[in-house]
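Chain by chain, the residues:
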Amino acid sequence: MKDQLHCYSHQLKHPVRWGDIDMLGHVNNSNYFRYCEEGRVKFFSDSHIRAALGGDKLGFVVAYIDCKFKFPVTYPDNLIIATKVEKISTDRFTLSQVIYSETHQKIAAKSESIIVSYSHEMQSKISLSNAALSLLEKELNHQFE
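Residues numbered from 1 in each chain as written. Predicted model: local features only at pLDDT ≥ 70, side-chain atom pairs only at ≥ 80, totals over all residues. Heavy atoms only, no water.

Novice: Got a sec to walk through the pairing of strand 3 (residues 78-88)? Specific residues and values, please.
Specialist: With eight of its 11 residues buried, strand 3 lies for the most part within the structure. Two strands pair when backbone bridges link them, and strand 1 (residues 10-15) and strand 3 are joined in this way by six bridges, in the antiparallel orientation. What sits directly across from proline 15, in strand 3, is asparagine 78. With nine bridges connecting them, strand 3 and strand 4 (residues 92-101) associate as antiparallel partners. Within strand 4, the residue paired with valine 85 across the bridge is leucine 95. (Buried < 20%, exposed > 50% of the residue type's maximum accessible area, 1.4 Å probe, protein only. Helix = DSSP H or I, 4+ residues; strand = E, 2+ residues; numbered from the N terminus. Pairing = 2+ DSSP bridges.)

Spelled out as structure tokens, the structure:
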């Protein structure tokens, strides 16, 4: 496991719940997006990136997300949702995530999302603050340590 997840600085263990399973006996595809959301929430919490953006009415929106399914996950299992910063621009950053099955000891899905900094007051994207950019650079460089 460590070889596959070593460069992902934010990891969250999440059980597969019975309710995640569809009538075909595996985790429904829509749940993978929820798992990724849980990983993003952990990233935002751990990194303090929202505070670094610089205001109560400033935040982030998901502009794009995809998920590539590698094999079907079933119940019971524990998943590790691993997240890292992949790319940074002036008003957005890209998160790379993997969903790792402890039962199968391999990656079950890979996801990429583009997160845009956003002013809820102006209802438009904004540039990332210098503090946010600095924090994201540290996150990006952390994976190479």
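Novice: Just give me the short version of the side chain of histidine 10, but keep the residues and values in it.
Specialist: Inspection of the secondary structure assignment puts histidine 10 in strand 1. Within the structure, the side chain of histidine 10 is placed 2.8 Å from the side chain of glutamate 139, a separation counted as a polar contact. Non-local contacts of histidine 10, meaning those with residues more than four positions away in its chain, are made with Phe43, Asp46, Ser47, Ile81, Ala82, Thr83 and Glu139. (Polar contact = N/O pair within 3.5 Å; in protein donor to acceptor, adjacent residues only side chain to side chain. Contact = heavy atoms within 4.5 Å.)

Novice: Quick one: what's the story with helix 2 (residues 29-47), residue by residue and with numbers?
Specialist: With 19 residues, helix 2 ought to run about 27 Å at 1.5 Å a step, and its terminal C-alpha atoms sit 28 Å apart, in line with that. Trailing helix 2 by a residue or two, histidine 48 shows a phi angle of about 60 degrees, which is positive. (Expected span 1.5 Å × (residues − 1).)

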